[in-house]
Amino acid sequence: MPKQMGDGVLNSLTPALDLAMRGGDNPDQEINELEKRIAQGALQRFEMNPVFTDKGLRWTYYWTHFNVFWMSKDPKIIDLLYTKAPYPQYIEVETTTACNLKCRICEHTYWDEPNVHMTFPQFKHIVDQFPSLKWIGMTGIGEAWTNPEFERMLRYVKGKGIYVELYDSFFYTDDEKARLQVKLGVEKIFVSLDAATKETYESIRVGSNWDLVTGNIVKLDKWKKRLHKYFPELCFHFIVTNDNIHEMVDYLDMIRELGVDVHFVQFTRMLHDFPEVKDQFVEIPEDIKEAVLKRGQELGIQVGWNATVPQHKPPASTCLAWWMPFVFVDGTVIPCCALNEQNDRRWQRGTSLGNIFEKPFREIWWGPEYTEMRRALHAGEFPRNCDRCPIYEVDE
Ligand SMILES: C[S@@+](CC[C@H](N)C(=O)[O-])C[C@H]1O[C@@H](n2cnc3c(N)ncnc32)[C@H](O)[C@@H]1O
Ligand code: SF4
Ligand code: SF4
């Protein structure tokens, strides 16, 4: 643990320390003032919590920044982001569209897109366009570990101290990959496991193997404990369908029995009800939600509901998801990840904001399509890019 922990050596934010942490002043004065306050909060967190001390001051600032801005409900922050549209500091990149499984819930099983791996130079070309990048999601529609250059991509962003979030079927996450991710300090991994029993799981995730996957989950947890590391935080992701809704409560017991440290369990409604999955699509009734929350409390497991779950949708003018652009493997830029999983990439490309391999992202971000998209959302309307949004609705 670094020497300064508890010594109070850094108990005030000097201008030099402030700038070192933030990587420079933000050109917008209002945002700069807010970022300075965030830096002050980050310093306190860094001094008081060994998890943050271990990760470093700059990382603590990144974490705090993300937790202040991302999907904020604070009207002042919402208004600030809409009116200033600062250059994004969080992005999602689809590192591959290849996948070995045929999950019945997923568009990948039904679409006619080619299996393509993003190359490392392409990935670097994207990342390098975001000099203040603080957070990256490296999962799209595909299985990241099938990409032979995925490890190199991970090393690249971890070398920059960026917070990394992944979704993983855990089909490929063997001992070696588990150890690697713990050593690199990948921050958050969602295990995609949508059932409490082997039978239901293997009927949904066609081609996978319950024993292999649950064994791999335990391996990752073991490496964390062996190397005395808090990260990656392990979250469980359960896509609720007509086929597994009856296993939601038992799911929490199953996780407890696995004996691994769980950060939280997220239940998600299918994003879209495209024809091939219509029979599986279900909204989660209130009584089931209550039973799940109750069991979570009894077991000491935190339960989270994806933004798709509430049936009463918030107004479009409060959406900030557009501040985390999603980049397809071919460079297409779409507003956010919520437009995935509708098995219609043709529509997604037709309503995209541009292509990062053809134009610098700065030009795309300040271009007419993005500008109009932000204007419409701020006014509570759906721009053409968002009119299939599964989360928000047009303001009344
Ligand atoms: C598309 S997968 C890609 C990563 C990896 N192959 C996996 O399964 O974790 C990313 C996440 O999307 C989820 N997902 C799959 N089909 C979905 C659907 N129709 N609606 C919402 N999420 C879905 C998966 O369960 C997974 O957690
Ligand atoms: S959910 Fe993940 S593992 Fe399953 S088919 Fe889709 S991309 Fe592949
Ligand atoms: S699709 Fe929905 S969540 Fe995504 S940016 Fe548009 S309004 Fe926001």
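Keep in mind that this is a model prediction, so the values were computed, not measured.

A. How the structure looks around the overall build of the protein. Looking only at helices and strands, the protein features 15 helices and 12 strands. By the compact-globule yardstick of 21 Å for 396 residues, the protein fits well, its C-alpha radius of gyration being 21 Å. Principal-axis analysis of the C-alpha atoms places the extent of the protein at approximately 60 × 50 × 45 Å. Of all 396 residues assigned to the protein, the portion counted as buried reaches 36%. A sequence separation of at least 24 residues applies to 74% of the contacts in the protein between residues at least 6 apart.

B. Molecular detail of the site of ligand 3. What surrounds ligand 3 is a group of 13 residues, the closest being C319, A321, C336, C386 and C389. When its residues are assigned to classes, the shell around ligand 3 shows 13 nonpolar, no polar and no charged.

C. Quick look at the packing of helix 11 (residues 248-258) against helix 12 (residues 286-299). One way to put it is that helix 11 packs onto helix 12 with a least axis distance of 8 Å and a crossing angle of 20°. Of the possible angle classes, the one that applies to helix 11 and helix 12 is roughly parallel. As for how helix 11 packs across helix 12, the hand of that crossing is right-handed. On helix 12, the residues that touch M248, V249, L252 and R256 of helix 11 are I288, A291, V292, R295, G296 and L299.

D. Region of the structure containing the sheet that holds strand 5 (residues 188-192). Strand order in the open sheet made by the 10 strands is 9-8-7-5-4-3-1-10-11-12, with mixed pairing throughout. The sheet terminates laterally at strand 9 (303-305) and strand 12 (354-355), the two strands that pair on one side only.

E. Highlighting the nonpolar core. Core analysis: the largest hydrophobic core is formed by 90 residues, its most contacted members being I136, V164, F238 and V327. Among residues more than four places away in sequence, those in contact with V327 are I91, E92, V93, E94, I126, V333 and I356.

F. Seen up close, the confidence of the model for the protein. Taken as a whole, the protein shows an average pLDDT of 95; of its residues, 97% reach a score of 70 or greater. The model gives residues 1-8 a pLDDT under 50, and that stretch makes 8 contacts with residues more than four places away or in other chains.

G. View of the site of ligand 1. Neighbouring ligand 1 are 18 residues, the closest being C106, Y167, S192, L271 and E341. If you list the elements that add at least two residues to the shell around ligand 1, you get strand 4 (163-168), strand 5 and strand 7 (233-240). Among the residues making up the shell around ligand 1, the classes are represented as 10 nonpolar, 5 polar and 3 charged.

H. How the structure looks around the pairing of strand 5. Across the 5 residues of strand 5, 4 count as buried, placing the element largely inside the fold. Sheet topology note: the strand 4/strand 5 ladder contains 4 bridges and is parallel. Across the sheet, L166 pairs through a bridge with I189, a residue of strand 5. Since strand 4 and strand 5 lie parallel, the crossover through helix 8 (residues 175-184) that links them has a hand, and here it is right-handed. Pairing geometry for strand 5 and strand 7, over 5 bridges, is parallel. Bridged to S192 within strand 7 is H237.

I. Expanded view of the environment of G304. Tracing the backbone shows G304 in strand 9. Along the primary structure G304 and N343 are separated by 39 residues, whereas in three dimensions their C-alpha atoms are 26 Å apart. Other than its neighbours up to four places away in sequence, G304 contacts F264, V265 and Q266.

J. Focus on the pairing of strand 8 (residues 264-269). Note: strand 7 against strand 8, 6 bridges, orientation parallel. Looking at the pairing, C235 lines up with F264 of strand 8. Where the polypeptide runs from strand 7 across helix 11 and back to strand 8, its parallel neighbour, the crossover connection is right-handed. Pairing of strand 8 with strand 9, which is carried by 3 bridges, proceeds in the parallel orientation. What sits directly across from Q266, in strand 9, is G304. Taken together, strand 8, helix 12 and strand 9 constitute a β-α-β crossover, and its handedness is right-handed.

K. Structural view of unusual backbone geometry. Here the amide bond leading from F231 into P232 is cis, since omega sits at 0°, within 30 degrees of zero. When you line up the elements, P232 lands in the loop between helix 10 (210-226) and strand 7. Phi angles above zero are rare outside glycine, and F170 is one such case at about 65°. Tracing the backbone through its elements, the reader meets F170 in the loop between strand 4 and helix 8. With a phi angle near 60°, E341 is a residue other than glycine that sits in the positive phi range. Mapped onto the fold, E341 is located in the loop between strand 11 (332-334) and helix 13 (345-350). Accessibility expressed as a C-beta count within 10 Å gives 21 for E341, which makes it buried.

What counts and how
- Residues numbered from 1 in each chain as written.
- Chains lettered and ligands numbered in written order.
- Predicted model: local features only at pLDDT ≥ 70, side-chain atom pairs only at ≥ 80, totals over all residues.
- Helix = DSSP H or I, 4+ residues; strand = E, 2+ residues; numbered from the N terminus.
- Rg over C-alpha atoms; globule rule 2.2 N^0.38 Å.
- Buried ≥ 20, exposed ≤ 12 C-beta atoms within 10 Å, placed from the backbone.
- Contact = placed C-beta atoms within 7 Å.
- Near = placed C-beta within 6 Å.
- Nonpolar A, V, L, I, M, F, W, Y, C, P; charged D, E, K, R; others polar.
- Axes fitted to C-alpha atoms, helices over the stretch in contact; angles between N-to-C directions.
- Parallel < 35°, antiparallel > 145°, perpendicular 65-115°, else oblique.
- Left-handed = near helix turned anticlockwise from the far one by under 90°.
- Pairing = 2+ DSSP bridges.
- Core = buried A, V, L, I, M, F, W, Y, C linked by C-beta atoms within 7 Å.
- pLDDT = per-residue confidence, 0-100.
- Right-handed = clockwise from strand over helix to strand, strands pointing away.

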